[in-house]
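The lines below spell out each chain.
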Amino acid sequence: MISEERKSEIRKNLSEIFDNIEKAKCDDRKVVLLAATKTRTPEEINFLAECGVTHIGENKVQELMDKYDAIDKDRFTMHFIGSLQTNKVKYIIDKVSMIESVDRFDLAKEINKQALKHDLVMDVLLEVNVGGEESKSGVEPDKALELAREIAALPGLRLRGVMTIPPICVDVEKQKEYFRRIVGIFNDISSAEIENTKMDYLSFGMSGDYEAAVSCGANIVRVGTGIFGARDYSKKN
């Protein structure tokens, strides 16, 4: 069960986030608020539908599997947003609508293989390590266009855009430099007019910087703690 106090807290947080997104937009584009549901209970997740949230994202395959049957899937579009091992693609291929973390060709090939087995085309985003951090996954920026071409050649995938997790910056203007860099990569891929792509999603910005991300052009922001509060990693779903 989820208490009325907890519902009120989540509802209040979401109202503020939706308002902030609208204020940050510099045009009339639709911005998807994707709730990052890592460590959150199915009850908390299902309540989001009552608050206007339509998209959710899971980071870990096992956690997605553990919660999948309890989530009201008819009310959500589910993305996979975490690092993905090739040997685990088969477990989620028929459970998510988009994989946002495609950062290498061997992963793309495995997604393609599993998608064709299920007679589907998987929407994917190209994850770019825009800050060049060794601790983070993502293709190097100067190799993004090449990987985009390789992905586009696979019939079981449809490239829909790019995703990044930039370095954490206290300086908002420095953060925006990374955001503008990923927008530039997105534009380079778009202007290449590669067949079998539909470049319409820019996924960047999280709880601490989603407003700056929206102001720079993001149309998917992945917010977790901003909605739910700090995560409690001692809890298991």
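Quick note: structure is the one above.
Cut-off values and rules
- Numbering of residues starts from 1 in each chain and follows the order in which that chain's sequence is written.
- This being a predicted model, a pLDDT of at least 70 is required before a residue's local features are given, and a value of 80 or more before pairs of side-chain atoms are given or counted; all residues contribute to the totals for chains, interfaces and linings.
- The basis for every side-chain value is the complete set of non-hydrogen atoms in the structure, without hydrogens or water.
- Elements are defined by DSSP. Helices are runs of H or I of four residues or more, strands are runs of E of two residues or more, and each kind is numbered from the N terminus.
- The cut-offs for exposure are 20% and 50% of the maximum accessible area for each residue type, with area from a 1.4 Å probe on protein chains only; residues under the lower value are buried, those over the upper are exposed, and the others partly exposed.
- Residue contacts are counted whenever heavy atoms from the two residues lie within 4.5 Å of one another.
- The protein chains shown are the only cover counted for residues, whose accessible areas, like all others here, come from Shrake-Rupley with a 1.4 Å probe.
- Only four residue types enter the charge count: Lys and Arg as positive, Asp and Glu as negative, with His and the chain ends excluded.
- For this purpose, a charge sits on NZ of Lys, CZ of Arg, CG of Asp or CD of Glu.
- Here is the rule: rings of Phe, Tyr and Trp (six-membered ring for Trp) pair when centre to centre is within 6.5 Å. Planes less than 30 degrees apart are stacked, more than 60 are edge-to-face, and the remainder are tilted.
- Remark: a charge is flagged as sitting over a ring if the NZ atom of Lys or the CZ atom of Arg is within 6 Å of the ring centre and within 35 degrees of the ring normal.
- Here the nonpolar core consists of buried residues drawn from Ala, Val, Leu, Ile, Met, Phe, Trp, Tyr and Cys, with membership extended through side-chain atoms lying within 4.5 Å.
- By the criterion applied in these results, polar contacts are pairs of N or O atoms within 3.5 Å in which, for protein atoms, one can donate a hydrogen and the other can accept it, and in which residues neighboring in sequence qualify only through two side-chain atoms.
- One requirement defines pairing of two strands: DSSP has to find at least two bridges between them.
- By convention a crossover is right-handed if, when the strands point away from the viewer, the path from the first strand over the helix to the second runs clockwise.
- Geometry is summarised by axes, namely lines fitted to C-alpha atoms with helices restricted to the contacting stretch, and by angles between N-to-C directions that run from 0 to 180 degrees.
- If an angle is under 35 degrees, it is roughly parallel; if it is over 145, roughly antiparallel; if it lies from 65 to 115, roughly perpendicular; otherwise it is oblique.
- Crossing handedness is defined as follows: a turn of the near helix away from the far one that is anticlockwise and smaller than a right angle gives a left-handed crossing, while the clockwise case is right-handed.
- In this classification, Asp, Glu, Lys and Arg are treated as charged, Ala, Val, Leu, Ile, Met, Phe, Trp, Tyr, Cys and Pro as nonpolar, and every other residue, Gly included, as polar.

S.K.: Explain the overall build of the protein chain here, please?
M.R.: When its secondary structure is counted, the protein chain shows 9 helices and 8 strands. For the protein chain, with 237 residues in total, the buried portion stands at 51%. In the protein chain, of all internal contacts separated by at least 6 residues, the share reaching a separation of at least 24 is 61%. Surface exposure of the protein chain reaches about 11600 Å², of which carbon and sulfur atoms provide 46%. Of the charged side chains in the protein chain, 35 are positive and 41 negative; the average position of the first set lies 2 Å away from that of the second.

S.K.: Got a minute to help me understand the packing of aromatic side chains in this structure?
M.R.: Within a pair of aromatic rings, the relevant descriptors are the distance that separates the centres and the angle that separates the planes. A full pass over the atoms with the stated rule returns 1 aromatic pair. Here K73 stacks its cationic end above the ring of Y68, 4.4 Å away from the centre of that ring. In this structure, K95 is placed above the aromatic ring of Y68, and the distance from its NZ or CZ to the ring centre is 5.5 Å.

S.K.: Sorry if this is basic, but what is going on with the nonpolar core here?
M.R.: Generally speaking, nonpolar side chains in soluble globular proteins are found buried as a group. Judged by nonpolar contacts, the single largest core of 70 residues is most densely connected at L48, I99, L126 and V221. No other element matches the 7 residues that helix α7 (residues 172-191) contributes to this core. Once residues within four sequence positions are removed from consideration, V221 is found in contact with I21, V31, V32, L33, L34, F204, G205, Y210, A213 and V214. Core analysis: the second largest hydrophobic core is formed by 5 residues, V32, A36, I81 and I220 among them.

S.K.: Sorry if this is basic, but what is going on with the environment of N112 here?
M.R.: Along the polypeptide, N112 turns up in helix α5 (residues 105-117). Look at N112 and you get buried, because its relative accessible area is 10%. Among all residues touching N112, those that are not within four sequence positions of it are L154, P155, G156 and L157. One polar contact links the side chain of N112 to the main-chain amide nitrogen of G156, over a distance of 2.6 Å.

S.K.: In this structure, what is going on with the pairing of strand β7 (residues 197-203)? I would like to understand it.
M.R.: Look at any regular strand and the pattern is simple: side chains alternate between the two faces of the sheet. Strand direction decides the pairing type here: strand β6 (residues 157-163) and β7, joined by 4 bridges, are parallel. Residue pairing for β7: M163 is matched across the bridge by S203. For the segment spanning β6, α7 and β7, crossover handedness is right-handed.

S.K.: Help me understand the packing of helix α6 (residues 144-152) against α7, please; the structure alone is not making it clear to me.
M.R.: Helix packing for two helices is described by the angle between their axes and how far apart those axes are. Contact geometry for α6 and α7: axes closest at 10 Å, N-to-C directions at 45°. Taken together, the axes of α6 and α7 lie oblique to each other. Where α6 crosses over α7, the two elements pack in a sense that is right-handed. Here α6 contributes A144, L145 and A148 to the contact with α7, which in turn contributes I185, D188 and I189. In the contact of α6 with α7, the residues fall into 5 nonpolar, no polar and 1 charged.

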